[in-house]
Amino acid sequence: MTGTDLLAPAAWRLARCEPGAPAPTPDDAGWIPAAVPGTAALAWAAAYGDAAARELDVDAWDWWFATSVEVGAPGPHTLRLDGVATQWSVSVDGDAVAEGTSMWQPVEAVLDLGAGAHDVVLRCAALRPVLEGRRPRPRWRSRLVAESGLRWVRTSLLGRMPALAPTWAPAGPWRPMHLWASRELPPRLLDLTARLEDGDGVVDVVARVGDVAEATVHAGAVSVTVPVVDGEVRATLRLPAAPLWWPRGYGGQPLVDVAVETVPGRRHLLRRIGFRTVSADRSDGGFTLLVNDVPVFARGATWSPVDPVGLADDEELLRRDLDRAAALGVTMLRVVGTHAYESAAFFDLCDERGILVWQDAMLATLDPPDDPEWLAVVADEVGTVLHGLQGRPSLAVVCGGTETLQQPTMMGLERDRRAVPVIEATLPTVVEAVVPGTPYVESSPSGGDLPTHNGQGVAHWFGVGGYRRPLEDVRRADVRFASECLALATPPERASLARLLPDGAGGEAWLAGVPRDRGADWDFLDVTDHYVREVLGEDPASAGDERGLDLRRAAAAHVMSEVFSEWRRDGSRCAGGLVLEWRDRVPGPGWGLLDSAGRPKATWYALRRVLAPTAVLLTDEGLDGVRAHVRHDGPGPLQGVLRVSALGRHGALEVAEGEIAVPGHGAASRTVDGVLGVFRDLTHAYRFGEPQYSALRVSLHDVGGHEVASAVRLLPDQRVRDLPDPGLVVEPAGEGRVRVRAERLAAWVVVEAEGHVPDDAWFHLLPGESRTVALAPVDASAGPMSVDAVTVRCLNGGGQ
């Protein structure tokens, strides 16, 4: 029988004290309400505002969390802390009962409690004295993290990376605390494997169930009853002809419930699992993931916590973000080593949506110690995390951490001085023991002659993006797999920006949200401005405030579209690209595809067309003109028609069609002038006379004539300032929807309504073409949408 968690309804309070000071008494001033799970910064922000929390030096203080719990029946009780940041101790009625030094490691303690009220007090000690203590010198210093002493501390680097946008350092019980009567402990999964054998699914289960004689273990429709030995149950179940789990777009995501039953009719879910194989092809210097022996193009982003203040396991926010990832066409998210391990709810949702997860160990840029005791702590930590991921089909890669090999390489250290035992020996052993067969990567990036080389292994590629290389560098670099890429600071959309930053762009809060490299005299908004000038031919600083912001949005959207069109094209050797990053952590022009409120930015809309499971991609092939590629992730072949519409400078439209056959899980391509059947210098590559064409639209239609996907390219370049006003018209198109029509070419069209999020934006329209856009309310307070409240604009008029 599952008992009641006595701490679930507890009301917590928080106090701040000088390091080492005695515990505050209940009557002391300064206590504020606190949420558990939660952090000190979360409680501070709730009490005093976000600005005060951002200015708080969390590591300089001791933090005391306190509550009272009522015990009904006396006897043994089990206290469990799922995760506390970072060096902590807990007492019950003044007696110390447990302690820990790792943010990532759960701890249990058995207490003999009498009936009645009991005081529970958790102290999270200040990290500053620990960081200032004497330790062996590191072999290198991190350019990302100022405090070298953090290499000894098992905690998140969030809020401790001054180079990036300011966030909050975690301190406190960021994961739940529980208290159960020991006889009523819920069953717990201890070990699980899910594998395929001759087409069948085989599940091995070990679970703690308590003092019962026997238990029934279920896996889907299959069950087995076995005796319980020393409180544990062990069972093997075989599911005939188990259906395969696939990444999103490649097939379905069937899942199987694994449960245990100790009382007839009362099942306790242990985990939902899926059956698939995953491997990595590293031949020829590449890195390609294969799921069920099919190569998968891993596309998505580095994951950002939905709650960077409290690191809360907010399932509603997780569901919204992961629904947006699924709508974007994401097949992979990377949990990076600078942040925090994600919750079971995160992996549940990824399993359901077919999103693969690249899981970093929480190690990043700092020199990891080779101290045996420290190595044992990390091995135990990662083993615990991976036990929670056993059987989950979304787990695709385990990685030793972020830039742990790149940092010493870029500082010029010789090979023998940059050996890292924890990622070279310790973690591979843990991975093979706990999640055998899961691809392991030593560090992100790694795999080439040096981890700084982009054409081998996995790369952090910012040639286009951070390092301002021309767009042609995408093909020259021949990136095989980008586990981080681009890093373009993109402003939030207008309606969202007005809510996030009431003072608008350019103020102190805006500048605080701009990421920069530590020690650099430029920031990543300068990077975006570079591409505005290079791609759009305008200076955002002199374009006016609103147009300048739109130019930045459009430039970032175009650059990301071009990069992923190149990487997904027919014939590309690239097998994956993960944008830095999924969402902004603070308001402002961050790297995120979503802003800090979780709303899509221009780059999200642009990538949605390029990352779709079936997508049309256009690439400029120089003197060979434009090539149209169809990428089709689905399992069955696709027979269709490419329809080419080339818009002349003076409004004439040339239209032609040609057949195309695309294999399942594959790609095919045709030259655009090959479909037209005549030579046309669409991109003005030959430079004879004046450019003759303004835009190109290529659409894919199935055998029934239905449009499956399309792409539009402005010709011969993206400079739109001199285009005439397009004559945009907005019409109602049913509940919550509007139709936008253009009389002339419209570049970078945006539809907005206060309190609503459009499902499409930042697109181009050819003359006479229309697009239907749905606008969903941000929340219940937004109310129904009125077409009169809708605004539409584009970069060549229509609202600018």
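Refer to the structure above for everything that follows.
These figures come from a predicted structure and were not determined experimentally.

Participant: Outline the overall build of the protein, supporting the account with residue identities and numerical values.
Facilitator: A tally of regular secondary structure across the protein gives 15 helices and 41 strands. Taking 800 residues into account, the globule formula puts the C-alpha radius of gyration at 28 Å, and the protein, at 28 Å, falls close to it. Reported as C-alpha extents along the three principal axes, the dimensions of the protein are approximately 90 × 60 × 60 Å. Out of the 800 residues belonging to the protein, those deemed buried represent 58%. By sequence separation, contacts in the protein at least 24 residues apart represent 68% of the contacts at least 6 residues apart. With an accessible surface of roughly 31000 Å², the protein has 49% of that area assigned to carbon and sulfur atoms.

Participant: Break down the pattern of salt bridges for me, with residues and values.
Facilitator: Tallied over the full model, the rule gives 61 salt bridges. For the salt bridge of Arg-568 with Asp-633, the shortest nitrogen-to-oxygen distance reads 3.4 Å. One end of the pair, Arg-568, is in helix α13 (residues 545–568); the other, Asp-633, is in the loop between β29 (626–632) and β30 (638–648), with 65 residues separating them in the sequence. With a relative accessible area of 2%, Asp-633 lands in the buried category. With its nearest N and O atoms 3.2 Å apart, the salt bridge here joins Glu-731 to Arg-741.

Participant: Hey, could you go over the environment of Arg-585 for me, with residue numbers and the actual values?
Facilitator: Tracing the backbone through its elements, the reader meets Arg-585 in the loop between β27 (576–579) and α14 (602–610). Overall, the relative accessible area of 8% leaves Arg-585 in the buried class. Sequence separation between Arg-585 and Ile-32 is 553 residues, and the spatial gap between their C-alpha atoms is 25 Å. At 2.8 Å, the side chain of Arg-585 forms a polar contact with the side chain of Glu-581.

Participant: Which residues make up a nonpolar patch on the surface, and what are the values?
Facilitator: Residues Leu-623, Phe-679, Tyr-686 and Phe-688 make up a contiguous nonpolar surface patch of about 470 Å² in total accessible area. Relative to the helices and strands, Leu-623 is located in the loop between β28 (614–620) and β29.

Participant: Lay out the sheet that holds strand β12 (residues 214–219) with the relevant residues and their values.
Facilitator: The strands that make up a sheet pair up through hydrogen bonds in the backbone, lying either parallel or antiparallel. The antiparallel open sheet is built from four strands, whose spatial order is β13-β12-β15-β16. The open sheet terminates on both sides in strands that have one partner only, identified here as β13 (222–227) and β16 (266–273). Ignoring which end each strand starts from, the neighbouring axes of this sheet average 20 degrees apart. Note that β12 and strand β15 (residues 256–263) share four bridges and pair antiparallel. Considered in β15, the bridge of Ala-219 is made with Val-258.

Participant: Go over the layout of surface pockets with me, naming the residues and quoting the values.
Facilitator: Considered as a void within the structure, the largest pocket measures approximately 1600 Å³ in volume. Arg-80, Asp-82, Arg-271, Ala-344 and Gly-388 are, among the 39 residues lining the largest pocket, the residues nearest its centre. Looking at the lining of the largest pocket, the elements with two or more residues in it are β7 (107–113), β9 (177–181), β10 (188–197), β16, α5 (344–353) and α6 (372–387). With five residues, the top contributor of residues to the lining of the largest pocket is β16. Among the residues making up the lining of the largest pocket, the classes are represented as 19 nonpolar, nine polar and eleven charged. Considering only enclosed or pocket space, the second largest pocket measures out at about 1000 Å³ in volume. What lines the second largest pocket is a set of 41 residues, and nearest its centre among them are Leu-500, Arg-583, Pro-587, Ser-596 and Ala-597.

Participant: Go over the sheet that holds strand β38 (residues 756–758), please, and point to the residues and values.
Facilitator: Judged by pairing direction, the sheet is antiparallel, and its four strands sit side by side in the order β35-β36-β40-β38 without closing on themselves. The outermost strands of the open sheet, each flanked by one partner alone, are β35 (728–732) and β38. If you compare each strand with its neighbour and ignore which way they point, the axes differ by 30 degrees on average. Examined bridge by bridge, β35 and strand β36 (residues 737–742) share five bridges and lie antiparallel to one another. Pairing of Leu-728 across the sheet is with Ala-742, part of β36.

Participant: An account of helix α8 (residues 421–434) is needed here, citing residue identities and associated values.
Facilitator: Here α8 spans 19 Å end to end across 14 residues, near enough to the 20 Å set by a 1.5 Å rise per residue. Elements in contact with the buried residues of α8: α6, β23 (395–399) and β24 (440–441).

Participant: Tell me what's going on with empty space enclosed by the protein, and back it up with residues and numbers.
Facilitator: Tallied over the entire structure, the rule returns eight cavities of 30 Å³ or more. Put simply, the largest cavity is a space of about 150 Å³. Along its surface, the largest cavity is lined by 16 residues, and Ala-495, Ser-496, Arg-599, His-756 and Val-757 are the ones closest to its centre. Among the secondary structure elements, those contributing two or more residues to the lining of the largest cavity are α10 (494–500), β37 (746–753) and β38. Class assignment of the residues belonging to the lining of the largest cavity gives a composition of eight nonpolar, three polar and five charged. Here the second largest cavity defines a volume of roughly 120 Å³.

Participant: Got a sec to walk through the environment of Glu-147? Specific residues and values, please.
Facilitator: Counting through the fold element by element, Glu-147 comes out in the loop between α3 (128–131) and β9. Look at Glu-147 and you get partly exposed, because its relative accessible area is 31%. The spacing of Glu-147 and Asp-545 is 398 residues in sequence and 38 Å in space, taken between C-alpha atoms. Glu-147 has contacts with Arg-128, Leu-131 and Leu-366, leaving out every residue within four places of it along the chain.

Participant: Just give me the short version of the pairing of strand β17 (residues 278–281), but keep the residues and values in it.
Facilitator: In the sheet, β17 pairs with strand β18 (residues 288–291) via four bridges, with the strands oriented antiparallel. By the bridge assignment for β18, Ala-280 is matched with Leu-289. What sits between the antiparallel neighbours β17 and β18 is a turn of six residues, in which Asp-284 has the positive phi angle 55 degrees.

Participant: I'd like a description of the pairing of β36, backed by residues and values.
Facilitator: Only one face of β36 is buried: it carries Val-738, Val-740 and Ala-742, and the other face, with Arg-737, Arg-739 and Arg-741, is open. A loop of four residues connects β35 with β36, the two strands running antiparallel in sequence, and Gly-734 in this loop sits at a positive phi of about 105 degrees. By the bridge criterion, five bridges tie β36 to strand β40 (residues 770–777) in an arrangement that is antiparallel. Along β40, the bridge assignment pairs Arg-739 with Thr-772.

Conventions adopted
Residues numbered from 1 in each chain as written. Predicted model: local features only at pLDDT ≥ 70, side-chain atom pairs only at ≥ 80, totals over all residues. Heavy atoms only, no water. Helix = DSSP H or I, 4+ residues; strand = E, 2+ residues; numbered from the N terminus. Rg over C-alpha atoms; globule rule 2.2 N^0.38 Å. Buried < 20%, exposed > 50% of the residue type's maximum accessible area, 1.4 Å probe, protein only. Contact = heavy atoms within 4.5 Å. Areas by Shrake-Rupley, 256 points an atom, 1.4 Å probe, with all protein chains shown as cover. Salt bridge = Lys/Arg side-chain N within 4 Å of Asp/Glu carboxyl O. Polar contact = N/O pair within 3.5 Å; in protein donor to acceptor, adjacent residues only side chain to side chain. Patch = residues over 30% accessible without salt bridge, like charges linked within 9 Å, V, L, I, M, F, W, Y side chains within 5 Å. Pairing = 2+ DSSP bridges. Axes fitted to C-alpha atoms, helices over the stretch in contact; angles between N-to-C directions. 1 Å grid on protein atoms, 1.4 Å probe; cavity = no way out; pocket = protein on both sides within 12 Å on 5 of 7 lines; lining within 4 Å. Points joined across faces, edges and corners; volume = space filled by probe spheres on them. Nonpolar A, V, L, I, M, F, W, Y, C, P; charged D, E, K, R; others polar. Expected span 1.5 Å × (residues − 1).

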